[in-house]
Amino acid sequence: PPMPEDLRTQIEPLQGIVRALGWPLLIVPGIEADDVIGTVAKQAEKEGFEVYMMTPDKDYGQLVSEHIFMYRPRFGGDYEIMGVPEVLDKYGLTSDQVIDLLGLMGDSSDNIPGCPGVGEKTAQKLLAEFGTIENLLENTDKLKGSLQKKVMENMEQIRFSKFLATIKTDVPIRF
């Protein structure tokens, strides 16, 4: 969907503030900010940096590693820092499986539809058993009842949702 007009009018003034503070402003025309951040985070990690991504978005969990962390602001001014153990504790999944989790359960804040009728708990259970969306979709015969029907009827949407949830880490930008 197009960017809301009230958000669009805020971009230029915010960019001016960032520049005035002397902070780098990384923009790649036609590329989403998530993908720029994912690329820079992975490049910085390879160069030996500890990386903190400030975001409340669940999809950044896929980037978390031994040296990449999510600094998640919470309502009321608090925050949490999520590394590999925290992602595992919160979702019961590895960082790599966060993409699959969002592909199954969806994420309305990022317009990811997921599989209708599959929430976080069911998605976690499916991933605990099958590991990935691809393995789940290859083994739908092992599902039962309405869950099998939901997954089989929405295979393409599930695949597309995983694609939408995937943060790219190969944007043409150099850290």
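Before reading further, recall that the structure is shown in the block above.
Report on the accompanying structure.

1. Details of the environment of Arg19
- Tracing the backbone shows Arg19 in helix 1 (residues 5–20).
- You can call Arg19 exposed: its relative accessible area is 52%.
- Spatially, the C-alpha atoms of Arg19 and Ile31 are 20 Å apart, while their sequence positions differ by twelve residues.

2. Remarks on the packing of helix 4 (residues 98–105) against helix 5 (residues 120–130)
- In the contact formed by helix 4 and helix 5, the axes pass within 9 Å of each other and the chain directions differ by 130°. In terms of orientation, helix 4 and helix 5 fall into the oblique class. Along this stretch, helix 4 crosses helix 5, giving a crossing that reads as right-handed. Where helix 4 abuts helix 5, its residues Asp100, Leu101, Leu104 and Met105 lie against Glu120, Ala123, Gln124, Leu126 and Leu127.
- In the contact of helix 4 with helix 5, the residues fall into six nonpolar, one polar and two charged.

3. Section: the packing of aromatic side chains
- Counted according to the given criterion, the structure contains three aromatic pairs.
- Consider the rings of Tyr52 and Phe69, whose centres lie 5.0 Å apart with planes at 20°: the pair is stacked. A residue pair is termed long-range when its members are at least 10 positions apart, and Tyr52 in strand 1 (residues 51–54) and Phe69 in strand 2 (residues 68–73) qualify at 17 residues.
- Looking at Tyr52, the relative accessible area reads 47%, which means it is partly exposed.
- The class for Phe69 is buried, based on a relative accessible area of 15%.
- Pairing Tyr71 with Tyr79 gives two aromatic rings, centres 4.6 Å apart and planes at 10°, and the pair type is stacked.
- For Tyr71, a relative accessible area of 24% puts it in the partly exposed group.
- By relative accessible area, Tyr79 is classed as partly exposed at 39%.

4. Digging into helix 8 (residues 155–165)
- For helix 8, the complete set of buried residues consists of Ile158, Ser161, Lys162 and Ala165. On an axial view of helix 8, the arc spanned by its buried residues comes to 100°, and they lie on one face. Exposed residues pointing more than 90 degrees away from the buried face of helix 8 are listed as Glu156 and Phe163.
- On its buried face, helix 8 sits against helix 4, helix 6 (133–138) and helix 7 (145–153).

Criteria and cut-off values
- Residues numbered from 1 in each chain as written.
- Predicted model: local features only at pLDDT ≥ 70, side-chain atom pairs only at ≥ 80, totals over all residues.
- Heavy atoms only, no water.
- Helix = DSSP H or I, 4+ residues; strand = E, 2+ residues; numbered from the N terminus.
- Buried < 20%, exposed > 50% of the residue type's maximum accessible area, 1.4 Å probe, protein only.
- Axes fitted to C-alpha atoms, helices over the stretch in contact; angles between N-to-C directions.
- Parallel < 35°, antiparallel > 145°, perpendicular 65-115°, else oblique.
- Left-handed = near helix turned anticlockwise from the far one by under 90°.
- Contact = heavy atoms within 4.5 Å.
- Nonpolar A, V, L, I, M, F, W, Y, C, P; charged D, E, K, R; others polar.
- Phe/Tyr/Trp six-rings, centres within 6.5 Å; stacked < 30°, edge-to-face > 60°.
- Arc of directions from axis to C-beta.

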